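The residues making up each chain are set out below.
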Amino acid sequence: MRRSFVFLTAILLATACTEKGDIIYLPDPEEEKASTAPLVTVLYDANALGDNSYNDLIYEGVERTAQELGLRTMQQSPRTYEEGLQYLELMFQQMEAAKDSVRRLFIVTSPGYDDFIRKNNKRLEANPYADLLYLETRTPLEGKGSTLFLTYYGAMYEGGRIEAAVERTNALLIGANRQTPAITEAMQGYQDGFEAGLQLLTERQARQNHLFSTYLDETGGGGFSIADTTALRLLRQWSNDDISTLIPVCGGASNTFSRMINATMEDMLIVGIDIYNDCYFSDYSIVKHIDRAVANSIRQWLADGTIPKHQMLGLADGYTEVILNPGRDIYIWTPSGYEGNTVPRLTLEMKQAMHEEAVRKEGEHEG
């Protein structure tokens, strides 16, 4: 009888009846409740994650910040551009229709979705708890949403300035394509820095330093990835052309070139782009701290409820920089040439002077 009473009591606790006899089920105290923690969702270009470059930096920055601040995350790398558009539409539908007070931040990492973003961002105004952060655009959004742009001109100028001082260099600047403004601007910065550096050499020295340029995708908007076999073929071709240094401004393809140089021991140096490359074949890296910039924007959003309407950060702000590989010596031209048996090397003082020049040039470039 005792056991029957306990069983009946349990049933009564689990259910209750209205006057009409409808059964209302009370929530199970053991059942996990849906989280109300703020949610950060990130959308990348098609197949962008895994590039060991710009996109992976964003991924890592978001995840570190989420762990630190107790946020939920959802990161999406669609298989195709069309799939990315479908996901954009789904996210906008969900965010504008949400009736709860869960805070949601949607981060779009690529200007490839520019047309959709600018035509639809005002839809988010229906939800006071939803916000948008759009990266890699110089043009602020009309209506709801913030934009963030990391100018690469100054850091690339500093890199070109260093390369021009190198004793006898044949450098090759490799762009992903001509259609992506961030690529062409970065390449222009490097070229401008190199040409400025040549002006400080003697006429004989300047004749021995060369900078060439090429694009992996001459007509389209690709060039951010490359097959190992293609990279190896190009490396052999460039080696036969006596290229001594590669500057690959081409996303994930940069990592492919670096791997192939390490695997084949080609007699060629490579400049780290976007991320620091500490391999033996790299004298310096030109780094873009997009992970820090995105993390800072998330903190602003969480603390203030909003993100500045438009932010442009660069060399002067510390969000881009040139990092020398401490395991390498960079041999350079000097006006006085060699002094005895001493081979001239790039010093930190020389590098700092180049950095200050690059900061000034970036300021002039940005107006």
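Just above, that's the structure.
Remember, it's a predicted structure, so these values are computed and weren't measured experimentally.

### What about the nonpolar core?
Now for step 1: Ranked by internal contacts, the top residues of the largest apolar core, which has 48 residues, are Met156, Trp238, Leu246, Ile247, Phe257 and Ile286.
Now for step 2: Of all the elements in the fold, those that place two or more residues in this core are α5 (153–165), β8 (170–177), α6 (181–198), α8 (228–240), β10 (245–249), α9 (252–264), β13 (284–288) and α11 (348–365).
Now for step 3: For this core, the element with the highest residue contribution is α5, accounting for 6 residues.
Now for step 4: Ignoring anything within four residues of it in the chain, the contact list for Ile286 reads Tyr152, Ala155, Met156, Gly159, Tyr190, Val271, Gly272, Ile273, Asp274, Glu321 and Val322.
Now for step 5: Within the second largest apolar cluster, 24 residues are counted, among which are Ile58, Val62, Ala293 and Tyr319.

### Details of unusual backbone geometry
Now for step 1: Even without being glycine, Asn52 reaches a positive phi, approximately 55°.
Now for step 2: Here Asp242, not a glycine, exhibits a phi torsion of approximately 65°, which is positive.
Now for step 3: Following the sequence through the fold, Asp242 ends up in the loop between α8 and β10.

### Quick word on helix α10 (residues 290–304)
Now for step 1: Under the 1.5 Å per step criterion, the end-to-end length of α10 is 21 Å for 15 residues, consistent within 8% with the ideal 21 Å.
Now for step 2: Once α10 finishes, Gly305 follows within two positions and takes phi at roughly 80°, a positive value.

### Here's the deal with the packing of aromatic side chains
Now for step 1: Scanning the entire structure with this criterion turns up 6 aromatic pairs.
Now for step 2: Measuring from centroid to centroid gives 6.2 Å for Phe92 and Phe106, while their planes differ by 75°, and the two rings are edge-to-face. Of this pair, Phe92 sits in helix α3 (residues 81–97) while Phe106 sits in strand β5 (residues 104–108), and the two are 14 residues apart along the sequence.
Now for step 3: In this structure Phe92 comes out as buried when scored by relative accessible area, which is 0%.
Now for step 4: Here Phe106 falls in the buried class, since its relative accessible area comes to 0%.
Now for step 5: Here Tyr280 and Phe281 contribute two aromatic rings whose centre-to-centre distance is 5.6 Å and whose plane-to-plane angle is 85°, an arrangement assigned as edge-to-face.
Now for step 6: Taken together, the ring pairs connect Phe92, Phe106 and Phe116 into an aromatic cluster.
Now for step 7: Its guanidinium or amino end placed over the ring of Trp301, Arg103 lies 4.8 Å from that ring's centre, counting from NZ or CZ.
Now for step 8: Sitting over the face of the ring of Tyr152, Lys288 holds its NZ or CZ atom 4.5 Å from the ring centroid.

### A few points about the pairing of β10
Now for step 1: Most of β10 sits out of view: 5 of its 5 residues are buried.
Now for step 2: Alternating positions in β10 separate into two faces, Thr245, Ile247 and Val249 on one and Leu246 and Pro248 on the other, with burial throughout.
Now for step 3: Taken together, the 5 bridges between β8 and β10 define a ladder with parallel strand orientation. Along β10, the bridge assignment pairs Leu173 with Ile247.
Now for step 4: Here β10 pairs with strand β11 (residues 269–270) via 2 bridges, running parallel. Bridge pairing links Leu246 to Ile270 in β11.

### Points about α5
Residues separated by three or four positions in an α-helix point in the same direction, a consequence of the helix having 3.6 residues per turn.
Now for step 1: Compared with an ideal rise of 1.5 Å per residue, which puts 13 residues at 18 Å, α5 spans 19 Å between its outermost C-alpha atoms and is within 8% of the ideal.
Now for step 2: Here α5 lies mainly inside the structure; 13 of its 13 residues are buried.

Calculation rules
Residues numbered from 1 in each chain as written. Predicted model: local features only at pLDDT ≥ 70, side-chain atom pairs only at ≥ 80, totals over all residues. Heavy atoms only, no water. Core = buried A, V, L, I, M, F, W, Y, C linked by side-chain atoms within 4.5 Å. Buried < 20%, exposed > 50% of the residue type's maximum accessible area, 1.4 Å probe, protein only. Helix = DSSP H or I, 4+ residues; strand = E, 2+ residues; numbered from the N terminus. Contact = heavy atoms within 4.5 Å. Expected span 1.5 Å × (residues − 1). Phe/Tyr/Trp six-rings, centres within 6.5 Å; stacked < 30°, edge-to-face > 60°. Lys NZ or Arg CZ within 6 Å of the ring centre and 35° of its normal. Pairing = 2+ DSSP bridges.

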